[in-house]
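The primary structure of each chain is shown beneath.
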Amino acid sequence: LIAVPDTRTILLRPPADEGTEKPRPMLLTCSDGVWEFLTTDEAFELVIDESETDPHILANRLALEAWDRWMLDTENDVSDDITVVLFDIHRALDAATK
């Protein structure tokens, strides 16, 4: 299985206005155990949550959804290779400038 990644190039800089309603830029890297069962749009819908900002909780939510779909697809057979890394770019930039 070889995945074709979705790629974008962006200029990283701290947010100019904390009051804006724009989504937080994040870097989402997942193993094929996630991408086999979720589309890119579905994955980002699970991690873009205005009420939750902790990347650990959001990454866990995505991993659990992939696990649930894998179990459903394989009738609860063994799964492996479900890895999610979620990096909140603005949080990292804010920490680096303090």
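The structure contained in this document is the topic of the report that follows. Being a predicted model, the structure only gives us computed values, none of them experimental.

1. A short note on the overall build of the protein
Then, number 1: Helices and strands together make up the secondary structure of the protein, namely four helices and two strands.
Then, number 2: Traced from its N-terminal end to its C-terminal end, the protein shows the element sequence β-α-α-α-β-α.
Then, number 3: Buried residues in the protein amount to 28% of all 98 residues.
Then, number 4: Of all intrachain contacts in the protein linking residues separated by at least 6 positions in sequence, the fraction that spans at least 24 positions is 70%.
Then, number 5: For the protein, the accessible area works out to roughly 7300 Å², and carbon and sulfur atoms hold 54% of it.

2. Concerning the side chain of serine 31
Then, number 1: Within the fold, serine 31 resides in the loop between strand S1 (26–30) and helix H1 (32–35).
Then, number 2: Those residues within four positions of serine 31 in sequence are excluded, and the remaining contacts are Asp81, Ile82 and Thr83.

3. Some words on the pairing of strand S2 (residues 84–88)
Then, number 1: Residues Val84, Leu86 and Asp88 point to one face of S2 and are all buried, whereas Val85 and Phe87, pointing to the other face, are not buried.
Then, number 2: In the sheet, S1 pairs with S2 via five bridges, with the strands oriented antiparallel. Paired with cysteine 30 across the two strands is valine 84, which belongs to S2.

4. Points about the nonpolar core
Then, number 1: Of all hydrophobic cores here, the largest spans 17 residues; its most connected members are Leu28, Cys30, Val34, Leu38, Leu62, Val84 and Leu86.
Then, number 2: Elements represented by at least two residues in this core include exactly S1, helix H2 (40–47), helix H3 (55–73) and S2.
Then, number 3: Examining the composition of this core, we find that seven residues originate from one element, H3, more than from any other.
Then, number 4: Contacts of leucine 38, omitting those with residues within four sequence positions, involve Ala43, Leu46, Leu62, Glu65, Ala66 and Arg69.

How each quantity is defined
- Residues numbered from 1 in each chain as written.
- Predicted model: local features only at pLDDT ≥ 70, side-chain atom pairs only at ≥ 80, totals over all residues.
- Heavy atoms only, no water.
- Helix = DSSP H or I, 4+ residues; strand = E, 2+ residues; numbered from the N terminus.
- Buried < 20%, exposed > 50% of the residue type's maximum accessible area, 1.4 Å probe, protein only.
- Contact = heavy atoms within 4.5 Å.
- Areas by Shrake-Rupley, 256 points an atom, 1.4 Å probe, with all protein chains shown as cover.
- Pairing = 2+ DSSP bridges.
- Core = buried A, V, L, I, M, F, W, Y, C linked by side-chain atoms within 4.5 Å.

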